[in-house]
Amino acid sequence: MKKTTRATNLSRRKFIVSSAAAGGGLALGFKLPFVGSAQAATAAGTEVNAWVVVRPDSTCVVRIARSEMGQGTLTGLAQLVAEELECDWKKVATEHVFPGQNLARKRVWGDMATGGSRGIRGSQDYVRRGGAAARMMLMQAAAEQWKVPVGELTVADGVITHAASKRSTSYGRLAIAAANLTPPDPKSIKLKDPKDWKIAGKPMKRLDTADKLNGGKVYAIDLKLPGMLSAAVKACPVHGGKLVSFDEAKVAKMPGVRRAVKVNDGAVAVVADTWWRAKTALEALPIVWDEGANAAQSSATIAERLKEGLTADDAFADTKIGDALKVIAGAPKKVEAVYSTPFLSHATIERMNCTAVVTADKVEVWTATQSAEGSLAAACEEAGLPLAAGEVHKLDLGGGFGRRGGTQDYTRQAVAIAKQFPGVPVKLIWSREEDQAHDFYRPISQCKLSAGLDESGKLLGMHIRVSGQSINAWLNPGAIKEGKDVRQLQGLWKEPGDAQFGYTVPNLQIEYAMRNTHVPVGPWRGVNTNQNGVYLECFMEEVARAAGKDSLEFRRELMANHPKHLGVLNAAAEKGGWGKPLPAGVHRGIAQFMGYASYSAAVAEVSVSAEGKLKIHRMVLALNCGHAVNPDQIAAQVEGSVVYGLSAALYGECTVQNGRMVELNFHTYPLLRLAEMPKVETVIVPTQDFWGGVGEPTICVVTPAVLNAIFAATGKPVRSLPLKNVKLA
Amino acid sequence: MAKLNINGKIRDVQAEAGTPLLWVIREQVGLTGTKYGCGVAQCGACSVHINGEVRRSCSVLISDMKPGDRIVTIEGLSATGSHPVQRAWAALDVPQCGYCQSGQIMAAAALLGKNPQPSDADIDAAMTNICRCGTYQRIRAGVHMAAEMVKKA
Ligand code: FES
Ligand code: FES
């Protein structure tokens with residue numbers, strides 16, 4: 001089967017912006033297809049296969065389907081493709097693919113969603129095969145040109161050589177011929193042994209740094225289109241409330257204002273020539289809300305509901321080994337504690353935003369999304385158009401952390417507003433206050449734990465009861481089977497491979513009682529491993545101390561059946577100098593936990609002053625993510641996870657009063673700053689026998705390691721977060 | 001109508017007196033390297049230099065600008081990305097998402113402008129911008145590296 005040569009669609013965004021700037025008006029970029037003359041192909045590059053485009057100068061453009069939000073996936077995926085492609089790493093470029101085209105091409109690029117730390121582990125196999133297939137086609141093209149068996153050719157850095165005849169040629173010269181060959185059967189391709197990697201597995205520099213240093217990078221919030229209007233939006237501050245009315249006349253004459261418009265049932269937007277004018281008018285706009293019954297909810301009513309769930313009999317047990325309740329009741333020594341963690345917002349520094357153009361038969365959006373296909377679905381549904389009538393221009397995100405996944409509330413809003421201005425691009429930007437008020441928060445929960453020990457301090461049984469809000473109940477009710485939502489027990493699962501409980505306890509019961517609220521919840525970097533990591537690992541510390549044992553030794557004794565959990569714990573303990581002397585006043589804490597198919601452990605060093613002031617000096621984190629595609633970027637993610645985790649531990653809480661969120665900007669929702677950053681040391685211990693995630697796994701050990709070190713310093717456990725509410729002296 | 005000196009060019013801008021400099025720079029002048037993060041002088045994403053001082057432009061009103069004030073944005077820090085801070089940031093791969101980094105770089109450049117060899121304590125005091133991705137460890141290393149470059153230059 002012959003394939004037609006296709007010209008690559010390099011940077012359609014640039015095309016649109018520049019053609020518009022050239023006086024062509026707004027070029028709706030619909031269906032700019034992957035077709036073109038051979039001439040165009042020569043100029044722009046030739047698509048050898050879906051993953052690889054080769055330009056005449058042998059630059060290899062690697063197509064990236066997952067979203068880049070700072071986590072480095074773009075560079076890692078390019079490394080994996082380039083490794084198999086055997087191209088010159090110095091001549092690698094990348095481009096995003098479009099969800100509409102993915103759909104049109106029968107999802108040739110697979111899943112575009114970027115969440116759950118799946119960007120690399122979820123696509124490594126087929127992208128490596130893509131790179132290898134392109135290499136095979138390029139070599140085949142050379143063999144046919146020279147009429148020699150392909151087995152006589154060698155390739156390095158994008159140059160193919162036939163040693164016997166002393167001939168060599170480049171990928172750039174072969175691309176068009178290669179693109180016309182029948183691709184090899186992906187299943188027949190033998191991938192390299194990771195031990196032989198030269199590009200993957202190495203600390204390559206990121207490919208996307210340069211324009212982050214000079215202001216040149218265009219984020220979605222920076223987009224400019226000719227004739228574009230800007231919109232500021234406000235939804236009812238009480239979740240679930242409705243818009244009753246607004247008095248447009250009061251703002252109609254304000255500078256730049258075009259209109260105030262209803263945005264579905266629960267929000268209103270002002271559209272103006274600039275965003276600042278839109279926001280200024282929105283603040284002056286009289287709005288009447290129907291806040292509904294949720295206005296009676298508060299942090300106190302929610303805490304009561306969760307507390308009731310700690311002992312209610314509607315919980316289900318996901319793990320039941322032996323008879324934990326009976327064994328604990330009869331044990332000579334008992335430990336019991338109740339922990340709690342609050343709602344948290346994501347607080348990406350780039351605000352939620354989306355630009356949309358809607359006409360009678362098309363909808364086009366430019367957005368920062370972790371789910372490009374989710375954005376396409378949301379845009380088309382909101383516009384009332386079929387999927388084929390939509391397209392999404394994906395721009396790199398100024399932070400994601402789970403906020404910009406499948407829900408795409410801001411993309412929907414942008415389309416709902418732009419629909420009322422047919423053919424005109426409208427850029428919607430949320431204020432920081434709107435973002436803090438309308439997130440999909442990390443779910444609130446409480447946890448009651450009890451343990452029984454024998455006289456010698458041996459653990460006989462443990463009972464864990466989580467009571468709290470369910471993400472699935474809010475976002476994906478279909479995933480809850482017979483009322484049992486195992487997702488909220490992430491990290492406490494009995495099944496190996498993803499987020500397994502890492503201890504062997506002879507009598508063990510782990511339960512979840514679902515207690516939902518009116519506050520929207522969703523995945524937040526690390527998701528439920530955050531709360532469950534604190535609950536289990538801080539309680540383990542309490543139990544180890546009650547048993548009179550060293551925190552590390554006590555854990556080790558329970559981990560013989562979990563060698564990978566134990567492996568990272570040992571690696572962190574060793575690098576962290578567990579048991580070695582410390583400067584006066586400095587104390588250590590340790591924790592391990594599993595999530596996203598990777599194993600994490602941490603050692604923290606802290607001091608607490610006589611006045612109760614906490615300083616976190618140093619953190620050592622060990623991670624086994626199976627294969628380490630870019631060790632330097634893994635270290636960057638680990639460092640970032642410490643900051644994200646500590647912001648939550650020290651300061652993070654979103655409270656509820658009169659049904660609405662209280663902390664609306666960074667003076668009441670503080671985040672960690674540089675002066676508070678501990679020294680972070682990352683130990684990567686990849687066992688190369690599985691593929692684990694990187695962006696999320698380590699966050700779950702950050703807080704428990706610190707809390708356990710505080711326990712060591714003060715002799716008192718911390719059982720409720722954030723620390724700003726806890727007196728340490 | 002106001003006249004602003006931004007990156008050495010005089011620009012005529014049309015904005016209401018209460019408009020923050022940030023939004024004039026982004027929406028009227030069209031330089032989008034300066035970012036909006038919080039709007040209340042908390043995060044520093046909007047940091048620019050005014051007469052050599054680092055300022056959070058979301059909280060500087062256009063009406064507060066005096067004729068002759070020199071504004072430098074990230075786009076004007078160096079012609080070719082060759083400021084020591086930019087070079088150090090590239091060498092250490094400091095940015096993750098990059099969104100806060102214009103502000104971080106402007107803050108670091110202002111620090112080095114006043115104090116070419118800052119201590120860790122100086123860096124703690126001067127580098128107060130928020131990075132949600134958590135690049136602080138590399139920012140600190142980057143400031144030290146840039147200081148070394150300045151010393152050798
Ligand atoms: S946007 Fe100016 S300090 Fe945050
Ligand atoms: S690099 Fe993303 S916020 Fe700093």
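Keep in mind the model is a prediction, meaning the values are calculated, not measured. (Residues numbered from 1 in each chain as written. Chains lettered and ligands numbered in written order. Predicted model: local features only at pLDDT ≥ 70, side-chain atom pairs only at ≥ 80, totals over all residues. Heavy atoms only, no water.)

Let us now look at the overall build of chain B. Scanning chain B from terminus to terminus reveals five helices and five strands. Along the chain direction, N to C, the helices and strands of chain B fall in the order β-β-α-β-β-β-α-α-α-α. Here chain B has a C-alpha radius of gyration of 15 Å; the compact-globule value for 153 residues is 15 Å, and the two agree. Taking the principal axes of the C-alpha coordinates as reference, chain B spans close to 45 × 30 × 25 Å. Within chain B, the fraction of its 153 residues that count as buried is 56%. At a minimum sequence separation of 6, the contacts of chain B that also span at least 24 residues come to 56%. Accessible surface, chain B as shown: approximately 5600 Å² in total, 54% of it carbon and sulfur. Each charge class in chain B can be summarised by its mean position, and for the 16 positive and 12 negative side chains these summaries are 4 Å apart. (Helix = DSSP H or I, 4+ residues; strand = E, 2+ residues; numbered from the N terminus. Rg over C-alpha atoms; globule rule 2.2 N^0.38 Å. Buried < 20%, exposed > 50% of the residue type's maximum accessible area, 1.4 Å probe, protein only. Contact = heavy atoms within 4.5 Å. Areas by Shrake-Rupley, 256 points an atom, 1.4 Å probe, with all protein chains shown as cover. Lys, Arg positive; Asp, Glu negative; His and termini not counted. Charge placed at Lys NZ, Arg CZ, Asp CG, Glu CD.)

Right, let's get into the sheet that holds strand β22 (residues 587–595) of chain A. Residues and elements named next belong to chain A. Pairing is mixed in the open sheet, where four strands are placed in the order β22-β23-β24-β27. Each edge of the open sheet carries a strand with a single partner, namely β22 and β27 (679–684). Geometrically, the sheet is characterised by an average inter-axis angle of 15° between neighbouring strands, direction not taken into account. In this fold helix α16 (residues 563–575) packs onto β22, β23 (598–608), β24 (614–624) and β27, with an angle of close to 30° to the strand it touches most, β23. (Pairing = 2+ DSSP bridges. Axes fitted to C-alpha atoms, helices over the stretch in contact; angles between N-to-C directions.)

Counted according to the given criterion, the structure contains 13 aromatic pairs over all chains. Seen in terms of ring centroids, W197(A) and W691(A) are 6.1 Å apart; in terms of plane orientation they differ by 50°. Their pairing is tilted. Linking W197(A) in the loop between α6 (171–179) and β8 (229–235) with W691(A) in the loop between β27 and α18 (699–714), this pair joins segments that are 494 residues apart in sequence. Per residue, the accessibility class of W197(A) equals that of W691(A), and both read buried. With 4.7 Å between their ring centres and 50° between their planes, W524(A) and Y644(A) make a pair best called tilted. Residue W524(A) is located in the loop between β21 (507–514) and α14 (528–546), and its partner Y644(A) is located in helix α17 (residues 631–650); the two are separated by 120 residues in the primary sequence. Comparing W524(A) with Y644(A) shows no difference in burial state: the two are buried. Within the aromatic cluster, the residues linked to one another by ring pairs are W275(A), W276(A), W23(B) and Y36(B). Taking NZ or CZ as reference, K217(A) lies 5.7 Å from the ring centre of Y219(A), over its face. (Phe/Tyr/Trp six-rings, centres within 6.5 Å; stacked < 30°, edge-to-face > 60°. Lys NZ or Arg CZ within 6 Å of the ring centre and 35° of its normal.)

Let's shift gears to the sheet that holds strand β14 (residues 333–341) of chain A. Sheets are built from strands paired through backbone hydrogen bonds, the pairs being either parallel or antiparallel. All names here are of chain A. One open sheet holds the five strands; their spatial order is β13-β21-β20-β19-β14, and the pairing between them is mixed. Pairing within the sheet leaves two strands with one partner each, and these edge strands are β13 (316–321) and β14. Averaged over neighbouring strand pairs, the angle between their axes works out to 10° when direction is ignored. As defined by bridge partners, strand β20 (residues 459–468) adjoins β21 across eight bridges and the pair is classed as parallel. When the bridges of β21 are listed, R465 appears paired with E511. The strands touched by helix α8 (residues 299–309) within the sheet are β19 (445–453), β20 and β21, with β20 carrying the most contacts at an inclination of about 145°. Packing against the sheet, α14 makes contact with β14, β19 and β20, and its axis sits at approximately 155° to β14.

This paragraph deals with the domain arrangement of chain A. Residue and element names in this part refer to chain A. Each domain of chain A was delimited in the assignment, giving domain 1 (7–213), domain 2 (220–292 + 352–429) and domain 3 (299–344 + 441–725). Taken together, the contacts link 31 residues of domain 1 with 32 residues of domain 2. Taking both sides of the interface into account, the surface hidden between domain 1 and domain 2 amounts to around 2300 Å²; carbon and sulfur atoms contribute 62%. Where domain 1 touches domain 2, the interface holds one salt bridge. In this structure, E373 engages R107 in a salt bridge whose closest nitrogen and oxygen atoms are separated by 2.8 Å. Secondary-structure elements contributing two or more residues to the side of domain 1 that touches domain 2 are α1 (12–24) and α4 (99–104). Of the residues contributing to the side of domain 1 that touches domain 2, the split by class is 15 nonpolar, nine polar and seven charged. (Domains from an automatic or database assignment. Buried area = accessible area lost by both parts, 1.4 Å probe. Salt bridge = Lys/Arg side-chain N within 4 Å of Asp/Glu carboxyl O. Nonpolar A, V, L, I, M, F, W, Y, C, P; charged D, E, K, R; others polar.)

Another aspect to go through is the domain arrangement of chain B. Residues and elements named next belong to chain B. Considered domain by domain, chain B is made up of domain 1 (2–77) and domain 2 (84–152). Summarising the inter-unit geometry, the C-alpha centres of domain 1 and domain 2 are found 21 Å apart. Contacts between the two partners involve 18 residues from domain 1 and, on the opposite side, 13 residues from domain 2. Carbon and sulfur atoms make up 59% of the area that domain 1 and domain 2 hide from each other, which totals about 1300 Å². Scanning the region where domain 1 abuts domain 2 turns up one salt bridge. Between K114 and E53 there is a salt bridge whose closest N-O contact spans 3.2 Å. For the pair domain 1 and domain 2, the number of links is nine residue pairs in polar contact (both at pLDDT 80 or more). When contributions to the side of domain 1 that touches domain 2 are tallied by element, the ones reaching two or more residues are β3 (47–50) and β4 (53–56). (Polar contact = N/O pair within 3.5 Å; in protein donor to acceptor, adjacent residues only side chain to side chain.)

Right, let's get into the interface of chain A and chain B. The partner chain B presents 50 residues to the 62 residues of chain A that form the contact. For the chain A and chain B pair, buried surface summed over both sides reaches about 4500 Å², with 54% attributable to carbon and sulfur atoms. In this structure, the connection of chain A to chain B is made through five salt bridges. The shortest N-O distance in the salt bridge between E639(A) and R138(B) comes to 2.9 Å.

Another point: the environment of G406(A). All names here are of chain A. Within the secondary structure, G406 is located in the loop between β17 (390–394) and α11 (409–418). On the basis of relative accessible area, G406 is assigned to the exposed category, the value being 56%. Taking the C-alpha atoms as reference points, G406 and S371, 35 residues apart in sequence, are found 5.5 Å from one another.

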